[in-house]
Amino acid sequence: MNLIKLEGIFFSYPERTIFENLSFELEAGLRLGIMGPNGAGKTTLVRLIMGLNRPSQGRVIIFGKERRREEDFYEVRARIGFLFQDPDDQLFCPTVAEDVAFGPLNLGWPRQEVEKIVRETLRLLGLKGFENRLIHRLSGGEKRLVALATILAMKPEALILDEPTGDLDPLNTARLMNVLETFGKSQIIISHDYHFLARLCNRILWLEGNAFKEIPIETTGRNPADTGYQPYSLR
Ligand SMILES: Nc1ncnc2c1ncn2[C@@H]1O[C@H](COP(=O)(O)OP(=O)(O)OP(=O)(O)O)[C@@H](O)[C@H]1O
């Protein structure tokens, strides 16, 4: 079953056409990696899925229903956790605990239960004791982990992560890998880190020039993306 399906998408920013007749699918339960050169449209693609950009033509079908209007995306945003490329777009409360609790409280969950979820989610991400830390004083990597905590705390059915390893040190990258493996549900992960994706994903796609190509997943340590992407060479 397809959790997400984009059919014949056309999308342009005022200065630039990004997609012309692009199609994309995510099967339920799959961890899908997306790579590609800067500016290829990876973030634009996931913003189309979340209803943050709208195509000029084509169909966006999520959880089996076509989504067109703003209201159609409320359900999508409630069920799919979306990690923005820039954590500052995600965090808006003064403290870590307030930010992580915001989503669950907004869903109407009891305060006591939410406090427990906040504690557990922070612990899972190696942020034990961060509850009262001020967001604006956090390092880049800490902010990214807190942004991820705000999403996981809402127990989403699927995850879309836009460059989740940016700013993370090797220990936190490994911890993130563990968390995403344990999460076990459908995920789209945009990253420039081939090895991170190869260890985590069932499939990796390369987006370039308005088209997807499948990248082989190598566990030998070789990075097929090193063979150049002009266009990306496949065996
Ligand atoms: N709001 C916007 N208005 C105009 N142009 C935009 C806007 N957002 C993105 N773009 C342009 O659209 C193109 C695709 O951007 P996008 O962020 O989707 O690429 P990406 O593949 O995610 O890149 P990166 O790997 O650098 O994050 C880029 O050339 C970018 O400059």
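Residues numbered from 1 in each chain as written. Predicted model: local features only at pLDDT ≥ 70, side-chain atom pairs only at ≥ 80, totals over all residues. Heavy atoms only, no water.

Naming follows an unreviewed UniProt entry, where the chain appears as ABC transporter ATP-binding protein of Thermosulfuriphilus ammonigenes.

Draft legend 1. Structural context of the packing of aromatic side chains. Inspection of the entire model under this criterion finds four aromatic pairs. With 4.8 Å between their ring centres and 90° between their planes, F11 and Y13 make a pair best called edge-to-face. Classification of F11 by relative accessible area gives buried; the value is 6%. According to the relative accessible area criterion, Y13 is partly exposed, its value standing at 31%. A centroid spacing of 4.9 Å and a plane angle of 90° characterise the contact between F92 and F102, whose relative ring orientation is edge-to-face. With F92 in the loop between β6 (80-83) and α3 (96-106) and F102 in helix α3, this residue pair connects regions lying ten residues apart in the sequence. Take F92: its relative accessible area is 53%, and that puts it in the exposed class. A cation sits over an aromatic face here: R79 above F63, 3.7 Å from the ring centre. A cation over a ring is seen here: R133 above F130, with NZ or CZ 4.2 Å from the ring centre. (Phe/Tyr/Trp six-rings, centres within 6.5 Å; stacked < 30°, edge-to-face > 60°. Buried < 20%, exposed > 50% of the residue type's maximum accessible area, 1.4 Å probe, protein only. Helix = DSSP H or I, 4+ residues; strand = E, 2+ residues; numbered from the N terminus. Lys NZ or Arg CZ within 6 Å of the ring centre and 35° of its normal.)

Draft legend 2. Structural detail: α3. Those residues of α3 not exposed but buried are V96, A97, D99, V100, A101, G103 and P104. For α3, the elements touching its buried residues are α4 (111-124) and α5 (140-152). Count one or two residues on from α3 and you reach G108, which has phi positive near 90°. (Contact = heavy atoms within 4.5 Å.)

Draft legend 3. Looking closely at the pattern of salt bridges. Summed over the entire model, instances satisfying the criterion amount to 16 salt bridges. With its nearest N and O atoms 3.2 Å apart, the salt bridge here joins R144 to D167. Taken together, the residues span a long stretch of sequence, with R144 in helix α5 and D167 in the loop between β7 (158-162) and α6 (170-183) at a distance of 23 residues. Owing to a relative accessible area of 8%, R144 belongs among the buried residues under this scheme. (Salt bridge = Lys/Arg side-chain N within 4 Å of Asp/Glu carboxyl O.)

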